[in-house]
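Here is what each chain is made of, one letter per residue.
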Amino acid sequence: MVNTEVTLSGLMLSNPVIPASGTFGYGREFSELYDLDILGSFSFKGTTKEPRTGNQAPRIAETEGGMLNAVGLQNPGIHEVIDREIPFIREVFHKPVIANISGFSEEEYVYCCSLIDKVPEVGIIEVNISCPNVHNGGMSFGTDPKSAKRVTEAVKRVTTKPVYMKLTPNVTDIASIAKACEEGGADGISLINTLLAMRIDLKKRKPLLANRTGGLSGGAIFPVALRMVYDVYEAVKIPIIGMGGISSAEDVIEMMLAGATAVEIGAANLVDPYASRDIIRQLPFTMKKLGIDSLSEIIGGAHNG
Ligand SMILES: Cc1cc2nc3c(=O)[nH]c(=O)nc-3n(C[C@H](O)[C@H](O)[C@H](O)COP(=O)(O)O)c2cc1C
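Read on for an overview of the structure. (Residues numbered from 1 in each chain as written. Predicted model: local features only at pLDDT ≥ 70, side-chain atom pairs only at ≥ 80, totals over all residues. Heavy atoms only, no water.)

Points about the packing of helix H7 (residues 249-258) against helix H9 (residues 275-289)
Now for step 1: Running from N to C, H7 and H9 point in directions that differ by 65°, and their axes come no closer than 8 Å. Judged by the inter-axis angle, H7 sits roughly perpendicular to H9. Relative to H9, the crossing made by H7 is right-handed. For the pair formed by H7 and H9, the contact residues are Ala249, Glu250, Val252 and Ile253 on the first element and Ile279, Gln282, Leu283, Thr286, Met287 and Lys289 on the second. (Axes fitted to C-alpha atoms, helices over the stretch in contact; angles between N-to-C directions. Helix = DSSP H or I, 4+ residues; strand = E, 2+ residues; numbered from the N terminus. Parallel < 35°, antiparallel > 145°, perpendicular 65-115°, else oblique. Left-handed = near helix turned anticlockwise from the far one by under 90°. Contact = heavy atoms within 4.5 Å.)

Quick word on the sheet that holds strand E9 (residues 188-191)
Now for step 1: Spatial strand order, E3-E15-E14-E9-E8-E7-E6: 7 strands in an open sheet with parallel pairing. Looking along the sheet, the strands with just one partner apiece sit at the ends: strand E3 (17-19) and strand E6 (97-101). Within this sheet the neighbouring strands show an average axis-to-axis angle of 25°, counted without direction.
Now for step 2: In the sheet, E3 pairs with strand E15 (residues 262-265) via 3 bridges, with the strands oriented parallel. Paired with Pro19 across the two strands is Ile265, which belongs to E15. (Pairing = 2+ DSSP bridges.)

Let's talk about the pattern of salt bridges
Now for step 1: Following the criterion strictly, the structure yields 10 salt bridges and no others.
Now for step 2: When salt bridges that share partners are traced, they join Arg28, Glu80, Arg84 and Glu85 into one network. (Salt bridge = Lys/Arg side-chain N within 4 Å of Asp/Glu carboxyl O.)

Concerning the site of the ligand
Now for step 1: Taken together, 23 residues lie around the ligand, and Ser21, Lys166, Gly218, Gly245 and Ala267 are the ones closest in.
Now for step 2: Lys45 is positioned such that a nitrogen or oxygen atom in its side chain is 2.9 Å from an oxygen atom of the ligand.
Now for step 3: Taking 600 Å² as the accessible area of the ligand by itself, protein coverage stands at 96%.
Now for step 4: The cavity where the ligand resides is the largest pocket.
Now for step 5: Here the shell around the ligand is built from residues that sort into 7 nonpolar, 14 polar and 2 charged. (Near = heavy atom within 4 Å. Polar contact = N/O pair within 3.5 Å; in protein donor to acceptor, adjacent residues only side chain to side chain. Areas by Shrake-Rupley, 256 points an atom, 1.4 Å probe, with all protein chains shown as cover. 1 Å grid on protein atoms, 1.4 Å probe; cavity = no way out; pocket = protein on both sides within 12 Å on 5 of 7 lines; lining within 4 Å. Sits in = over half its atoms within 2 Å of the grid points. Nonpolar A, V, L, I, M, F, W, Y, C, P; charged D, E, K, R; others polar.)

With respect to the side chain of Thr159
Now for step 1: Examined against the element boundaries, Thr159 turns out to sit in the loop between helix H4 (145-157) and strand E8 (163-166).
Now for step 2: Judged by relative accessible area, which is 10%, Thr159 ranks as buried.
Now for step 3: In terms of polar contacts, Thr159 uses its side chain to reach the backbone carbonyl oxygen of Val155, at 2.8 Å.
Now for step 4: Here Thr159 is in contact with Cys113, Asp117 and Ile125, once residues within four sequence places are set aside. (Buried < 20%, exposed > 50% of the residue type's maximum accessible area, 1.4 Å probe, protein only.)

Re the sheet that holds strand E5 (residues 66-69)
Now for step 1: Taken in spatial order, the 4 strands line up as E4-E5-E13-E10 in an open sheet, and their pairing is antiparallel. Here the strands that pair on one side only, and so sit at the sheet edges, are strand E4 (60-63) and strand E10 (195-197). Within this sheet the neighbouring strands show an average axis-to-axis angle of 35°, counted without direction.
Now for step 2: Bridge count for E5 against strand E13 (residues 214-217) is 3 bridges, and the pairing is antiparallel. Paired with Asn69 across the strands is Gly215, a residue of E13.

Structural data, given as structure tokens:
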């Protein structure tokens, strides 16, 4: 028997596979397809203080090896999430969930994080300072080390649970942002969010997305994400949740060798809703094939020598 357990800030996960924020809602739709308890955890949709309807359509575009989205943080707002979604999650998922929080000001992050910190079902707070699809907020906090550190400190002051800062790849030096978050007291780092991208409609000669630009995710970004996880692993001592284009058990292992303690699966859930389940099923076989007895032993394994 191989061992797929990993530990994130004292939280033991039966396996490192976590559906990524924005591709799994609050678990409702997926709970009709399979038993969510097989997951290591899941990260729920980016939640803000006020309800948001998101950006205008079209907000999804296909591209070779991936997809673009400009959803714009559509969500029912923190109060509705606590009153309606959390009780549902309690019914269908019997493990700690990851709460993904977004904001447009430091105060908003603080407001939402202090409320979600009191929810017993939440094991980790993932603070998204990296959304490319909203203006005046989101990504702007994650592109400057000083503001990334300031948001981290502010959130840490009002929380008791592990705080993971979710970083944007749309920077020249992601390691310096990760270090700033660590200095600010972050318990871990999640990376990467989507890469700023666009497509143009050939007939209309206009950007395909109503928002003009969107975030690229899926297989095409895997090598970029892997390089960034590798760089951040060298720069910080806190654990990393790695994501970006993961779609197989081999990808999970590659991401862990780069330095991730756990991984999130995003776009792959939208291509095939059973993707996360199937990766979890496949993991023990792939481990056996590669001679891996325990997943936790391979974290950062590509850095030796
Ligand atoms: C449709 C869609 C919505 C997303 N919404 C969020 C979100 O609300 N909060 C967040 O932190 N990341 C969000 N993301 C980013 C993913 O969580 C993930 O970081 C990114 O897509 C890279 O992983 P992937 O290539 O496996 O999709 C979203 C991604 C997609 C495709």
